[in-house]
Amino acid sequence: MFRFSTIKDYHKALQNGQTTCVEAVRFYINKIQADQHLNAWLEVYADEALAAATKLDAERKSDTVLSPLYGVVVGLKDVICYKDHRVSASSRMLEGFVSVYHATATKKLLDAGAIIIGRQNCDEFAMGSSNEHSAFGPVKNALDEARVPGGSSGGSAVAVQADHCMISLGSDTGGSVRQPADFCGIIGLKPGYGRISRYGLIAYASSFDQIGIFGKNIEDVACTLQVIAGADEFDSTVSQLPVPDYTAALENRDDHPKRIAYFKEALDHPGLDPAIKAATEGFIKKLTAHGYIIEAVDFELLEYIVPTYYVLTTAEASSNLSRYDGVRFGHRSTQSTDDLTDFYKLSRSEGFGKEVKRRIMLGTFVLSAGYYDAYFTKAQQVRRKLQLLTESVFASYDAIILPTVPAPAYRIGELQNDQLAMFLGDIYTVFANLVGIPAISIPLFQHPNGMPFGLQIMTSQDDEVSLLRLSKQFLELSE
Ligand code: GLN
């Protein structure tokens, strides 16, 4: 039977003739089929994936130098464009829409030899933390099907968790890769803002959005980042810096980063689950015993970060989503009306789900003339303060560690009527998006209730190298 551990081992097995790309694709298609009830996939490209695998197998000789993602089976969150394939942001608004171009990340995956096996369910327009806001039904956590997988990239996380593919790409605007990775017990990386081109990523809040990577081991995540990162003429916000060799960086054992900060207020927060607090503190002790210098730093702005995030992202969303009016893009109402405004209203009311509407209205409100300064300008000022604070922390430390989420995966439906509680669950993840730094969740712990949870690591702008190296060291320490 096909077994996957790492891309490196898979490539060895391909070259030794122990497996084939077709065998890999068949394995994943069968697994996806057996797990259909998890609702992780909106569409599976079974025939196409098999055809791509057959072609790779036919061309390969024993001495072929394999491209970095050769035959690697990848799934895409339903917000990342794949030319000539549907992309809907899990919304009725874009149901049936076919992308006319590739996202840059998709193109880079394909050029590196990856096989894209399907598109994955998520919260509508990436707004949510539980995957209960998809127009196509909730996704179930494979470890406990009564529980949510997290969101918004819930389908992408479950796909890796349940061995439906080797790697998934998601998007992270306020934690949507790290939080589901935490709930599902896998790795979720959000690179720094601008490390990966956003071209072809359906926008939620453009100054926060970043494509992220799910995997089961850090080497594969590093290898995927290597492929999809880098300058892109289609995205002016993408970093022009050269992409370091992440795989080589992981092998480098000398001189490892060791000065680490954590936010005192975050670990003392009353909303933090006691078992998560205890595990994080226990790990801090372990790290200290292994020669790391770990210190608490003050973070007085903690209470402001969730409101700041929701003011700014809803403002950006209200602007980004204005294009879905039934004329330029999106669902067009068939109810008859002679009035253009009524036509927009009908189309948008029918096309968008409840959570998206709530955010558009909130965003429109914070941008309205009477409240602009009180909310939007104020939130921008807080964002600037957070940036200054971050710079001062990284002047003395190589990394910041925090829990990823204050509580483990909850039951489906449990928080549906308590949107505020759901928003507060983002308290530890939105910081990295507000200041644009790289962050990762690595699966280190198990809650007394049996669910996994992770540790979050953040490093300074553009320093994914230290982030990946620390992740590897911490994962090894926990073995
Ligand atoms: N849970 C956050 C929200 O609902 C994060 C979403 C995301 O990162 N796309 O906004």
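Keep in mind it's a predicted model, so treat the numbers as computed, not measured.

Draft legend 1. Looking closely at the nonpolar core. Counting residues in each nonpolar core, the largest one holds 149 residues, and the members touching the most others are F125, F431, I457 and F474. The greatest single-element share of this core, amounting to 9 residues, is contributed by helix 11 (residues 302-320). Apart from residues no more than four positions distant in its own chain, I457 is found in contact with A399, I400, I401, P438, A439, I440, I442, L467, L470, S471 and F474. Membership of the second largest hydrophobic core comes to 8 residues, among which are V405, A409, Y410 and M422.

Draft legend 2. Examining the pairing of strand 6 (residues 211-215) more closely. Across the 5 residues of strand 6, 5 count as buried, placing the element largely inside the fold. Where burial is concerned, the two faces of strand 6 agree: the one with I211, I213 and G215 and the one with G212 and F214 are both buried. Two elements, strand 4 (residues 167-171) and strand 6, share 4 bridges in a ladder whose sense is antiparallel. Residue S168 lies in a different strand from strand 6, and its bridge partner there is F214. Here 3 bridges tie strand 5 (residues 187-190) to strand 6, and the two strands are oriented antiparallel to one another. By the bridge assignment, L189 is partnered in strand 6 with I213.

Draft legend 3. Layout of the UniProt feature "active site" (unreviewed entry) in the protein chain. The positions that UniProt labels "active site" (unreviewed entry) are, in the present scheme, K77, S152 and S176. Spatial clustering of the annotated residues is evident: they stretch over 100 residues in sequence, but the largest pairwise C-alpha distance comes to 10.9 Å. Of note, K77 is situated in strand 2 (residues 73-77). Residue classification places K77 among the buried residues on the basis of a relative accessible area of 0%. Setting aside residues no more than four positions away along its own chain, K77 makes contact with Q120, C122, A126, S152, S153, S156, L169, G170, S171 and S176. With respect to the helices and strands, the residue S152 is situated in the loop between strand 3 (115-120) and helix 5 (154-161). At 2.8 Å, the side chain of S152 and the side chain of K77 are in polar contact.

Draft legend 4. Local environment of the UniProt feature "domain: Amidase" (unreviewed entry) in the protein chain. As annotated by UniProt and renumbered to match this structure, "domain: Amidase" (unreviewed entry) occupies residues 23-468. Secondary structure content for residues 23-468 is 39% helix and 13% strand, and the end C-alpha separation is 31 Å.

Draft legend 5. Geometry of the state of the cysteines. Considering all chains together, one arrives at 0 disulfides under this definition. Lacking any disulfide linkage, C81 is separated from the closest cysteine sulfur, that of C122, by 12 Å. The class for C122 is buried, based on a relative accessible area of 0%.

Draft legend 6. Geometry of the site of the ligand. Near the ligand you find 15 residues, and of these S129, T173, G174, S176 and Y309 are the closest. The separation between a nitrogen atom of the ligand and a polar side-chain atom of D426 is 3.1 Å. Computed on the free molecule, the ligand has an accessible area of 290 Å², of which 99% lies beneath the protein chains in the complex. The class makeup of the residues in the shell around the ligand is 5 nonpolar, 7 polar and 3 charged.

Draft legend 7. Geometry of the packing of helix 4 (residues 104-111) against helix 7 (residues 218-228). Two numbers describe how helix 4 lies on helix 7: the axes approach to 8 Å, and their chain directions differ by 110 degrees. With respect to helix 7, the element helix 4 is oriented roughly perpendicular. By crossing handedness, the relation of helix 4 to helix 7 is classed as right-handed. Counted together, A105, K108 and L109 of helix 4 and T224, V227 and I228 of helix 7 form the full contact between these two elements. Considering only residue class, the contact of helix 4 with helix 7 consists of 4 nonpolar, 1 polar and 1 charged.

About the thresholds
- Residues numbered from 1 in each chain as written.
- Predicted model: local features only at pLDDT ≥ 70, side-chain atom pairs only at ≥ 80, totals over all residues.
- Heavy atoms only, no water.
- Core = buried A, V, L, I, M, F, W, Y, C linked by side-chain atoms within 4.5 Å.
- Buried < 20%, exposed > 50% of the residue type's maximum accessible area, 1.4 Å probe, protein only.
- Helix = DSSP H or I, 4+ residues; strand = E, 2+ residues; numbered from the N terminus.
- Contact = heavy atoms within 4.5 Å.
- Pairing = 2+ DSSP bridges.
- UniProt positions renumbered as here; feature names shortened; annotations may be inferred.
- Polar contact = N/O pair within 3.5 Å; in protein donor to acceptor, adjacent residues only side chain to side chain.
- Disulfide = S-S within 2.5 Å.
- Near = heavy atom within 4 Å.
- Areas by Shrake-Rupley, 256 points an atom, 1.4 Å probe, with all protein chains shown as cover.
- Nonpolar A, V, L, I, M, F, W, Y, C, P; charged D, E, K, R; others polar.
- Axes fitted to C-alpha atoms, helices over the stretch in contact; angles between N-to-C directions.
- Parallel < 35°, antiparallel > 145°, perpendicular 65-115°, else oblique.
- Left-handed = near helix turned anticlockwise from the far one by under 90°.

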